[in-house]
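As a plain string of letters, each chain reads:
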Amino acid sequence: MALKKNVSLREVAAYAQVSISTASLVLNNRGKELRISENTQRKIRKAASDLGYNRSMPLDSQDAPAYNPDKLIKVAIFFVNSFQDFPLDLFNKGITAYTSESPLHIDWVYHPFTPNHLKDYAIFFSKEHYDGIIITTPYENDIRFLKENLFPISVILYNCQINDYTCICHDDYEIGQLAADVFYRHKHQNIAVISPQMCNKGINLRLAGFTNFLLSMHYSPEQIFVANGPQKNIAGGYAAMSKVFEQNFTPSAIYVINDLMTGGVLNFLLQMQLRIPDDVEILSYGDVNAAFLIPSISSYVPKSDEMAYLCLKSLIMELSGIAQPGLYYGFGTECIWRESCRND
């Protein structure tokens, strides 16, 4: 077949009939680590070969030559207005690492926004204010706002996939699947899921990946109890666990969708005199609180610093004319095993 220039990862995924994130993981040599089948890996590599996909482009291109090194580049980083709910320290580590390596003059500011109200800040999506914007974990109405508008500046999305925007993501659906697979292998029969009432797309995908995996392993819906807490915090975790036991559901494993809720989950279980992990195993997502609790919580942790680095690099490449919008870069997520769940 005639090879097309500048084949995208999206085209490789479509050719292989897999998700973009799965194609990205395989082509970044993480297929075996994340248990992607050998057959699927072969399909993806064959698709990349058939189409002439070049994984080294455009990220290995040089940033500086196509952009005036003397010009100050103004960048806004939008994040939800709770410092607790965002790995700001790791994200800032990645941003700082890129700016320290780049010969360009980059000035960045963090701009908090209320979930589902990104549209209230539309005035800032203009050249009068910034040269480019990075948006982290938008909620449903925020995604609608981004889909319905075209902006005169470059916009990069962190952990959210929307057509026509460059997206730097990890696969939340797959993270949910991986957590469910741990509990399946440990032969747990009754499993609780703790989630906040207000969910962004990532939370919904983790929940779907988790529950769908268990259902595919022939668990019945009665063996999976999803409890929502009013807030994404300790009180919310405690309230959600109260709902679980009020329904006379006794789990031997608990998946906490966001680790900000794990403190409340632990408090409730300790009051019930349940031992962790002997009576109940716990897995979580995120690493804001997980390492500091007693017992410490095993948790799937995104590579926020590496993703932030790539967000800013992708933005600069768009401004430089080296890359076009609409690219997708996928990251794997590792589990940090601690006291609350065994790794076997």
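Look a little higher up for the structure.
All values derive from a computational prediction rather than experimental measurement.

Draft legend 1. Up close: the packing of aromatic side chains. Considering all chains together, one arrives at 17 aromatic pairs under this definition. Look at Y98 and Y309: their rings are 5.3 Å apart centre to centre, the planes differ by 80°, and that puts the pair in the edge-to-face class. Residue Y98 is located in helix 4 (residues 88-101), and its partner Y309 is located in helix 10 (residues 304-320); the two are separated by 211 residues in the primary sequence. Its relative accessible area of 2% is what places Y98 among the buried residues.

Draft legend 2. Fine view of the packing of helix 6 (residues 172-185) against helix 7 (residues 201-216). Packing of helix 6 against helix 7 leaves a shortest axis separation of 7 Å and a crossing angle of 40°. Between helix 6 and helix 7 lies a crossing whose hand is right-handed. Seen from helix 6, the contacting residues are D172, Y173, I175, G176, Q177, A179, A180, D181, F183 and Y184; seen from helix 7, they are G202, L205, R206, A208, G209, F210, N212, F213 and L214. When its residues are assigned to classes, the contact of helix 6 with helix 7 shows eleven nonpolar, five polar and three charged.

Draft legend 3. Up close: the pattern of salt bridges. In this structure the tally under the stated criterion is ten salt bridges. The salt bridge partner of D50 is K46, with a shortest N-O separation of 2.7 Å. Of this pair, D50 and K46 both sit in helix 3 (residues 38-51), four residues apart, which is roughly one turn of that helix. Between R144 and E140 there is a salt bridge, and its shortest N-O distance comes to 3.6 Å.

Draft legend 4. Here's a closer look at the pairing of strand 11 (residues 328-331). Taking every second residue as pointing to the same face, both faces of strand 11 are buried, with Y328 and G330 on one and Y329 and F331 on the other. Bridge analysis of strand 5 (residues 166-170) against strand 11 gives four bridges, and the strand direction is parallel. Bridged to C169 within strand 11 is G330.

Draft legend 5. Inspection of the sheet that holds strand 3 (residues 132-136) at higher detail. Judged by pairing direction, the sheet is parallel, and its six strands sit side by side in the order 2-1-3-4-5-11 without closing on themselves. At either margin of the open sheet sits one strand with a lone partner, and together these are strand 2 (105-113) and strand 11. The mean inter-strand angle of the sheet, taken between neighbouring strand axes irrespective of direction, is 15°. Relative to strand 4 (residues 154-158), strand 3 runs parallel, the two sharing five bridges. Bridge pairing links I133 to V155 in strand 4.

Calculation rules
Residues numbered from 1 in each chain as written. Predicted model: local features only at pLDDT ≥ 70, side-chain atom pairs only at ≥ 80, totals over all residues. Heavy atoms only, no water. Phe/Tyr/Trp six-rings, centres within 6.5 Å; stacked < 30°, edge-to-face > 60°. Helix = DSSP H or I, 4+ residues; strand = E, 2+ residues; numbered from the N terminus. Buried < 20%, exposed > 50% of the residue type's maximum accessible area, 1.4 Å probe, protein only. Axes fitted to C-alpha atoms, helices over the stretch in contact; angles between N-to-C directions. Left-handed = near helix turned anticlockwise from the far one by under 90°. Contact = heavy atoms within 4.5 Å. Nonpolar A, V, L, I, M, F, W, Y, C, P; charged D, E, K, R; others polar. Salt bridge = Lys/Arg side-chain N within 4 Å of Asp/Glu carboxyl O. Pairing = 2+ DSSP bridges.

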